[in-house]
Amino acid sequence: MRTVGIIAEYNPFHRGHEYQIRQAREALGADWIVAAVSGDFVQRGEPAVFDKYTRTAMALSCGVDLVIELPSAFATGSAEDFAACGVSLLDQTGVVDTLCFGSESGDLSSLQATAELLCQESSDFQDILRGLLKQGISFPAAREAALRETIAAQRQTESPQTSSMTADTGRDSADASLLSTPNNILAIEYLKALKRRKSSITPASIQRKGQGYHDTSVPAEAAFASASFLRKSFRESHSHGAIFAPSHKNVLAQIPEPALAACIQEAALSAPVFPDDLSAQLQYRLLQAVQSHEDLSRYADFSPELADRLLGLSLSPAGFSQRIEQLKTKQYTYTRISRALIHLLLNLTKEAQQRQKEADYAAFIRILGFRKSAGPLLNAMKKHASLPIITKTANAGKILPPQAMNWFEQDLFASHFYQSLVYQKGRKMKNEYTRSVILYP
């Protein structure tokens, strides 16, 4: 029996995700598919457009057999932490043997060669990277430039014999330009995580089709839209009082029919959440910090400089997105700042995040939903998993040790905070303590 793992956000679930699941079945021969999915906040440092249960129902309706939740500490982390946590979680299920991920490249050997170099981080690479960061260049841009210089220097110094050996091992196909596109970056981080934990899971890359990750233009009729386009469309239609207005047929066409039906049933298409829904909460939190003379640099993704600049602006009210624009510089990317603000709102400190890393990222497996036909898969996971499995929130305190329970309560806090945003929009809150796992037909 072949079990394929997918690490995803499904923010929201769309035809491109459906294509990946179909490829996992047809090209990889998957008998079962396990998806490790972000909860209510995502890696861009934003609330998910729909809550985790709605997105779980959408995934199950389109072929995923079982959905587990990525801990909030790393679902909102850097690409490296997001990938490391997802790989750790799938590895410790004890049943996943293949990791399937999308990439713009689709060239697994080149992705692996690049991941190999980044795993090693030679002294030359580190020196170049430090020099570029001191110049105020953002980490993503500095890392790509440092890797490009390192690869060029290595190829200049290699003898013909050494060059032949590296070509045979695939290292010669390392390509720094892979670090310029989002899905390639995540693919490389997945491969790094697999290598570092010496996992037996086999990687498989599927080339991404359709719009680019950040493309928000209207896609061609037959093309796969990006999640960015769909979120933009939801936001625009919601500002006019609807989620899917008749004029947004291009959006409807990008959501697989079963997923759309599941979304309607689970969420009634009533309360999508967007970054600027956090504006009032962020402003109140900043005023609290000013009053108490709080050191914001203790929170994940904050530097002392970024913390000071934010506090300096805190007495001038601004929306969540506007606040990020105020803070954005050559050194600090939009996403880095957004993640920092989310970590502030979720009370996620650097110390807490580091402790969880040292405990191998995941301390439990929380199941959000599964298909009725996946009973054998769930039974196998219960037998082979190396972590406690939570199917009912109310039972967590009985099966988790104190430290793991603290981390579980961090995830509960994130969910309750998200639901407060839903309530703010005039909808009924879902009680995380009594919410049962989704059982899909």
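So, the overall build of the protein chain
Right, on to step 1. Helices and strands together make up the secondary structure of the protein chain, namely 20 helices and ten strands.
Right, on to step 2. Relative to its 441 residues, the protein chain shows a buried fraction of 56%.
Right, on to step 3. Of all intrachain contacts in the protein chain linking residues separated by at least 6 positions in sequence, the fraction that spans at least 24 positions is 75%.
Right, on to step 4. When the accessible surface of the protein chain is totalled, it reaches about 18700 Å², and 51% of it is carbon and sulfur.

Remarks on the nonpolar core
Right, on to step 1. Ranked by size, the top nonpolar core spans 62 residues in total, and within it Leu-66, Ile-68, Leu-99 and Tyr-190 carry the most contacts.
Right, on to step 2. Listed in part, the 40 residues of the second largest apolar core include Ala-24, Ala-30, Val-37 and Ala-204.

Here we look at the pairing of strand 5 (residues 66-70)
Right, on to step 1. In terms of burial, strand 5 is largely enclosed, as five of its five residues are buried.
Right, on to step 2. Both strand 2 (residues 32-38) and strand 5 contribute to a ladder of five bridges, which runs parallel. Across the sheet, residue Ala-35 finds its bridge partner in strand 5, namely Val-67.
Right, on to step 3. Direction of pairing for strand 5 relative to strand 8 (residues 365-371): antiparallel, over a ladder of three bridges. Considered in strand 8, the bridge of Leu-66 is made with Phe-370.

Let's talk about the pattern of salt bridges
Right, on to step 1. The tally for this structure, following the rule as stated, stands at 21 salt bridges.
Right, on to step 2. Residues Arg-2 and Asp-97 are paired through a salt bridge, measuring 3.8 Å at the closest nitrogen-oxygen approach. Of this pair, Arg-2 sits in the segment before strand 1 (3-8) while Asp-97 sits in the loop between helix 4 (79-91) and strand 6 (98-103), placing them 95 residues apart in sequence.
Right, on to step 3. Judged by its relative accessible area of 26%, Asp-97 is partly exposed.

Here we look at the packing of aromatic side chains
Two aromatic rings, taken as a pair, are described by how far apart their centres are and by the angle between their planes.
Right, on to step 1. In total, this model carries nine aromatic pairs according to the counting rule given.
Right, on to step 2. Ring geometry for Tyr-19 against Phe-224: centres 5.7 Å apart, planes inclined by 50 degrees, an arrangement best described as tilted. Of the two residues, Tyr-19 sits in helix 1 (residues 15-26) while Phe-224 sits in the loop between strand 7 (202-207) and helix 10 (227-238), which places them 205 residues apart along the sequence.
Right, on to step 3. On the basis of relative accessible area, Tyr-19 is assigned to the buried category, the value being 17%.
Right, on to step 4. Their ring planes at 20 degrees and their centres at 6.0 Å tell us that Phe-41 and Phe-417 sit as a pair that is stacked. Within this pair, whereas Phe-41 is found in strand 3 (residues 41-42), its partner Phe-417 is found in helix 20 (residues 402-424), the two being separated by 376 residues in sequence.
Right, on to step 5. Taking relative accessible area as the criterion, Phe-41 reaches 3% and is therefore assigned buried.
Right, on to step 6. For Phe-417, a relative accessible area of 13% corresponds to the buried category.
Right, on to step 7. In this arrangement the basic side chain of Arg-298 is found over the ring face of Tyr-299, its NZ or CZ atom lying 5.1 Å from the centre.

Regarding helix 18 (residues 375-384)
Right, on to step 1. Listed in full, the buried residues belonging to helix 18 are Leu-377, Leu-378 and Met-381. For helix 18, the buried positions fall inside an angular range of 95 degrees around the axis, keeping them on one side. Residues of helix 18 that are exposed and point over 90 degrees away from its buried face: Pro-376, Lys-382 and Lys-383.
Right, on to step 2. Looking at the buried side of helix 18, the elements it contacts are strand 1, strand 2, strand 5, strand 8 and strand 9 (389-390).

Examining the confidence of the model for the protein chain
Right, on to step 1. Confidence in the prediction of the protein chain, expressed as mean pLDDT, is 89, and 88% of residues score 70 or more.
Right, on to step 2. Counting contacts from residues 164-170, a segment whose pLDDT is below 50, to residues more than four positions away or on other chains yields six contacts.

Details of the packing of helix 13 (residues 279-292) against helix 16 (residues 334-345)
Right, on to step 1. Viewed as axis vectors pointing N to C, helix 13 and helix 16 meet at an angle of 70 degrees, and their least axial separation amounts to 10 Å. In terms of axis orientation, helix 13 runs roughly perpendicular to helix 16. For the pair formed by helix 13 and helix 16, the contact residues are Gln-281, Leu-282, Arg-285 and Leu-286 on the first element and Leu-341, Leu-344 and Leu-345 on the second.
Right, on to step 2. For the contact of helix 13 with helix 16, a count of residues per class yields five nonpolar, one polar and one charged.

Calculation criteria
Residues numbered from 1 in each chain as written. Predicted model: local features only at pLDDT ≥ 70, side-chain atom pairs only at ≥ 80, totals over all residues. Heavy atoms only, no water. Helix = DSSP H or I, 4+ residues; strand = E, 2+ residues; numbered from the N terminus. Buried < 20%, exposed > 50% of the residue type's maximum accessible area, 1.4 Å probe, protein only. Contact = heavy atoms within 4.5 Å. Areas by Shrake-Rupley, 256 points an atom, 1.4 Å probe, with all protein chains shown as cover. Core = buried A, V, L, I, M, F, W, Y, C linked by side-chain atoms within 4.5 Å. Pairing = 2+ DSSP bridges. Salt bridge = Lys/Arg side-chain N within 4 Å of Asp/Glu carboxyl O. Phe/Tyr/Trp six-rings, centres within 6.5 Å; stacked < 30°, edge-to-face > 60°. Lys NZ or Arg CZ within 6 Å of the ring centre and 35° of its normal. Arc of directions from axis to C-beta. pLDDT = per-residue confidence, 0-100. Axes fitted to C-alpha atoms, helices over the stretch in contact; angles between N-to-C directions. Parallel < 35°, antiparallel > 145°, perpendicular 65-115°, else oblique. Nonpolar A, V, L, I, M, F, W, Y, C, P; charged D, E, K, R; others polar.

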